[in-house]
Each structure stands twice: as C-alpha cells, then as structure tokens.
Amino acid sequence: AGRGAAGMRNAIWLIGFRAAGKTTVGRLLAKDLGWRFLDLDEELEKRIGCSILELVEKKGETFFRAREADLLKEIVAMPEDGLVVATGGGFVDYEPSFELVAKSSWPKAWLDPPAELLWERLVHFPNRRKIGSLSNFSRLAAMLKKRRPAYEKIATFRTESRDISDCLAQLKIAINEP
C-alpha cells in the first residue's frame, strides 16, 4: 500500500486537541488511501469495555494514560503497512505516550483548527468536555495553550484548516511528498 522508503511502513499519526477532527479526517484519509484506520480512544474503549470517561471516573486519569501508553506501544510494533492512527488529544500530557509517538518514524500530522472552532464542536457535548473540566471556552483555550508546544515539537505537518475536505487534501499531499 502506497509509498515509503525501503523498510519504512506507510503509516501516519493524526495529532491535535480534542474535536480537532482526527477521527473524521482519519476515517476519510484511510478510506481514500486504502489503509486501515485506528482510533486510539475507540480501540481502548473496545478493550476496556467502557467509555474513557467512565474509566477516568472509576480509576483516574493516570490509570487511563497508562493504558493508552500500552496501546501505543502495541501500535508502534504492528507489522502491517498502511495505517492511519488518530491519537487522543491528551497523549502529550503523559510522557511515556508522548515519547512513543515522538520517536516514531511515521509522519505526525497536527490538526490545529482555531480554539473557537474546537469550542463550537464541543459545546453541545458535555461528556466530551468532562475530562480536563472543559466547562467553558477559557478553560479549553488554557489547556490548548499548554499542549500546543508539545504538538508543535513533534509535528511533521500542520493544518489549521476549518474545512474537513481541505484538511484531507492537504494531508494527502503531505503523505505523498518524499
């Protein structure tokens, strides 16, 4: 599937804040490329048998982040070619997870829409705002500001597009560039 230097896997990480569009864009990108899509949060929920919110409420965020890191280790070791992985927005807050993605040779596409758009996408979904207590726009903006340097540090490509199809087109170009 696709291109890549000898011995390199064709895979890409989608990174960015909650509601940046990683899952939506990831599914479309994988379909267009004929690759497999893996959403880290969805995969974790399947394995643990409850939502991430429930897990965090029962066992705490550190427990959740450790499970997330275990899953990232597995993904990095997967032998398959042609993989689009949507990370959880907060993996950058947990050093072991951040290091796994940072050290990966796969490109890291940072979906970075404006904070106002993230809030627009999250405002009607209180459960998506519970982790991190994103109760209002200023809390979201503060958390985004805190995470931004970590995303920036490891991103090999960044798109600020508000439009999903534009974002998808940019990613396809970036993947196919040598």
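Rules behind the numbers
- Residues numbered from 1 in each chain as written.
- Predicted model: local features only at pLDDT ≥ 70, side-chain atom pairs only at ≥ 80, totals over all residues.
- Heavy atoms only, no water.
- Pairing = 2+ DSSP bridges.
- Helix = DSSP H or I, 4+ residues; strand = E, 2+ residues; numbered from the N terminus.
- Axes fitted to C-alpha atoms, helices over the stretch in contact; angles between N-to-C directions.
- Contact = heavy atoms within 4.5 Å.
- Buried < 20%, exposed > 50% of the residue type's maximum accessible area, 1.4 Å probe, protein only.
- Arc of directions from axis to C-beta.
- Parallel < 35°, antiparallel > 145°, perpendicular 65-115°, else oblique.
- Left-handed = near helix turned anticlockwise from the far one by under 90°.
- Nonpolar A, V, L, I, M, F, W, Y, C, P; charged D, E, K, R; others polar.
- pLDDT = per-residue confidence, 0-100.

Colleague: What is the right way to look at the sheet that holds strand β3 (residues 83–86) in this model?
Modeller: Neighbouring strands of a sheet are bound in pairs by backbone hydrogen bonds; such pairs are parallel or else antiparallel. Pairing within the open sheet is parallel, and its five strands lie in the order β2-β3-β1-β4-β5. For this open sheet the edge positions go to β2 (36–39) and β5 (157–159), each flanked by a neighbour on one side alone. Neighbouring strand axes in the sheet, compared pairwise and without regard to direction, differ in orientation by 20 degrees on average. Bridge analysis of strand β4 (residues 108–111) against β5 gives three bridges, and the strand direction is parallel. Paired with Ala109 across the strands is Phe157, a residue of β5. Docked against the sheet, helix α2 (residues 40–48) engages β2 and β3, running at close to 70 degrees with respect to β2.

Colleague: Please explain helix α5 (residues 95–103) as it appears in this structure.
Modeller: Side chains three or four residues apart in an α-helix point the same way, a direct result of the helix having 3.6 residues per turn. Those residues of α5 not exposed but buried are Ser97, Phe98 and Val101. Along α5, the residues classed as buried sweep out an arc of 100 degrees about the axis, all on the same side. Looking at the buried positions of α5, the neighbouring elements they touch are β1 (11–15), α4 (61–77), β4 and α8 (137–154).

Colleague: Explain the packing of helix α1 (residues 22–33) against helix α9 (residues 164–176) to me, please; I cannot follow it from the model alone.
Modeller: Packed helix pairs are specified by the crossing angle of their axes together with the interaxial distance, meaning the distance between the axes. Packing of α1 against α9 brings their axes to within 10 Å, and their N-to-C directions diverge by 50 degrees. In this view, α1 runs oblique relative to α9, as classed from their interaxial angle. Along this stretch, α1 crosses α9, giving a crossing that reads as right-handed. Facing Thr24, Val25, Leu28, Leu29, Asp32 and Leu33 of α1, the residues of α9 in contact are Ile164, Cys167, Leu168, Leu171, Lys172 and Ile175. Residue composition of the contact of α1 with α9, grouped by class: nine nonpolar, one polar and two charged.

Colleague: I tried to follow the confidence of the model for the protein chain on my own but got confused; where do I start?
Modeller: Close reading of the predicted structure is inappropriate where its pLDDT is low. Looking at the protein chain, pLDDT values average 86 and 91% of them are 70 or higher. Note on residues 1–8: pLDDT is under 50 here. Beyond four places in sequence and across chains, it has nine contacts.

Colleague: Would you explain the pairing of β3 in this entry?
Modeller: The side chains of a regular strand alternate between both faces of the sheet. In β3, alternate side chains face the same way, and those of Leu83 and Val85 on one face and Val84 and Ala86 on the other are all buried. One ladder, built from four bridges, connects β1 with β3; its direction is parallel. Looking at β3, one finds that Ala11 is bridged to Leu83. Pairing analysis gives four bridges linking β2 to β3, with the strands arranged parallel. Note that in β3 the partner of Arg36 across the bridge is Leu83.

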